[in-house]
Amino acid sequence: MRKLFLVLAALFLVQSMAYAEEGKEKGKRFEENKLRVLENLGKRLGFLNKFKSCVTSSGSRQELKSCRMTNKKNMEAFRADRAASKEERKKLRTARKEEREKRRAARKERRE
């Protein structure tokens with residue numbers, strides 16, 4: 001009886017440590033997401049500052065139009081890049097979800 005109790009206790013300890021490792025991974029993803037958002041904000045602010053300085057220094061309607069077109073091209077390229085990275089993140093999320101489902105199914109089979 002004691003041996004059974006010790007085996008079960010060890011099993012629960014190992015299982016909880018595995019879940020703790022999973023939790024650390026989530027914290028890591030949070031930090032990566034936070035850095036990515038801050039990087040995107042920095043890029044966007046850079047575009048806006050360049051646009052502001054261009055508009056401020058423009059002396060004619062044609063120069064203002066040129067500033068607007070340049071800013072539009074920069075922002076379109078930025079948005080396209082973000083859309084591509086969004087698709088990549090979506091694929092990673094799907095892969096993680098499938099992996100979770102496999103682990104859950106394996107655990108369920110072991111219980112039965």
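Refer to the preceding data block for the structure.
Fair warning: this is a prediction, and the values are worked out from it, not measured in the lab.

Definitions and cut-offs
Residues numbered from 1 in each chain as written. Predicted model: local features only at pLDDT ≥ 70, side-chain atom pairs only at ≥ 80, totals over all residues. Heavy atoms only, no water. Helix = DSSP H or I, 4+ residues; strand = E, 2+ residues; numbered from the N terminus. Buried < 20%, exposed > 50% of the residue type's maximum accessible area, 1.4 Å probe, protein only. Areas by Shrake-Rupley, 256 points an atom, 1.4 Å probe, with all protein chains shown as cover. Expected span 1.5 Å × (residues − 1). Disulfide = S-S within 2.5 Å. Salt bridge = Lys/Arg side-chain N within 4 Å of Asp/Glu carboxyl O. Patch = residues over 30% accessible without salt bridge, like charges linked within 9 Å, V, L, I, M, F, W, Y side chains within 5 Å. Phe/Tyr/Trp six-rings, centres within 6.5 Å; stacked < 30°, edge-to-face > 60°. 1 Å grid on protein atoms, 1.4 Å probe; cavity = no way out; pocket = protein on both sides within 12 Å on 5 of 7 lines; lining within 4 Å. Points joined across faces, edges and corners; volume = space filled by probe spheres on them. Nonpolar A, V, L, I, M, F, W, Y, C, P; charged D, E, K, R; others polar.

Peer 1: Honestly, the overall build of the chain in this entry has me stumped. Any pointers?
Peer 2: Secondary structure summary: the chain contains two helices and zero strands in total. Relative to its 112 residues, the chain shows a buried fraction of 6%. When the accessible surface of the chain is totalled, it reaches about 10200 Å², and 59% of it is carbon and sulfur.

Peer 1: I'm lost on helix H2 (residues 61–111) in this one. Help?
Peer 2: The periodicity of an α-helix, 3.6 residues per turn, causes residues three or four positions apart to be oriented the same way. Taking 1.5 Å per residue, 51 residues should reach 75 Å; H2 reaches 74 Å between its end C-alpha atoms and fits that length. Every buried residue of H2 is listed here: Cys-67, Asn-71, Met-75 and Phe-78.

Peer 1: Sorry, what's going on with the state of the cysteines here?
Peer 2: A covalent bond between the sulfur atoms of two cysteines is what we call a disulfide. If you walk through the whole model with that rule in mind, you get one disulfide. Note on cysteine connectivity: Cys-54 is disulfide-linked to Cys-67, with sulfurs 1.8 Å apart. The sign of the S-S torsion, about -75°, decides the handedness of the disulfide formed by Cys-54 and Cys-67: left-handed. In this pair, Cys-54 sits in helix H1 (residues 2–57) while Cys-67 sits in helix H2, placing the two residues 13 residues apart along the sequence.

Peer 1: Where do I start with the pattern of salt bridges in this structure?
Peer 2: Two side chains that carry opposite charge are able to pair once their charged atoms sit near each other. For the structure shown, the criterion picks out two salt bridges. Measuring nitrogen to oxygen at the nearest pair gives 3.6 Å for the salt bridge that ties Lys-43 to Glu-39. In this pair, Lys-43 and Glu-39 both sit in helix H1, four residues apart, roughly one turn of the helix. Of the residues examined, Glu-39 reaches a relative accessible area of 47% and is grouped as partly exposed. Across the salt bridge formed by Arg-104 and Glu-101, the nearest N and O atoms sit 3.2 Å from each other.

Peer 1: I keep staring at a nonpolar patch on the surface and nothing clicks. Help me out?
Peer 2: A contiguous nonpolar patch, built from Val-37, Leu-38 and Leu-41 and spanning about 260 Å² of accessible area, is present on the exposed surface. Along the chain, the position of Val-37 falls in helix H1. With relative accessibility at 41%, the residue Val-37 sits in the partly exposed group.

Peer 1: Help me understand the packing of aromatic side chains in this model?
Peer 2: Any two aromatic rings considered together are summarised by their centre-to-centre distance and by the angle between their planes. One pass over the structure, following the stated rule, counts one aromatic pair. With centroids separated by 5.8 Å and ring planes inclined at 75°, the aromatic side chains of Phe-47 and Phe-78 adopt a geometry described as edge-to-face. Taken together, the residues span a long stretch of sequence, with Phe-47 in helix H1 and Phe-78 in helix H2 at a distance of 31 residues. Both residues of the pair, Phe-47 and Phe-78, belong to the buried class.

Peer 1: Looking at this structure, I do not really get the layout of surface pockets. What am I missing?
Peer 2: If a probe the size of a water molecule is rolled over the atoms, the empty space left behind becomes visible. Counted as a void, the second largest pocket has a volume near 190 Å³. Taken together, Arg-29, Glu-32, Asn-33, Arg-36, Arg-89, Leu-92, Arg-93 and Arg-96 make up the full set of residues lining the second largest pocket. For the lining of the second largest pocket, the residue count by class is one nonpolar, one polar and six charged.

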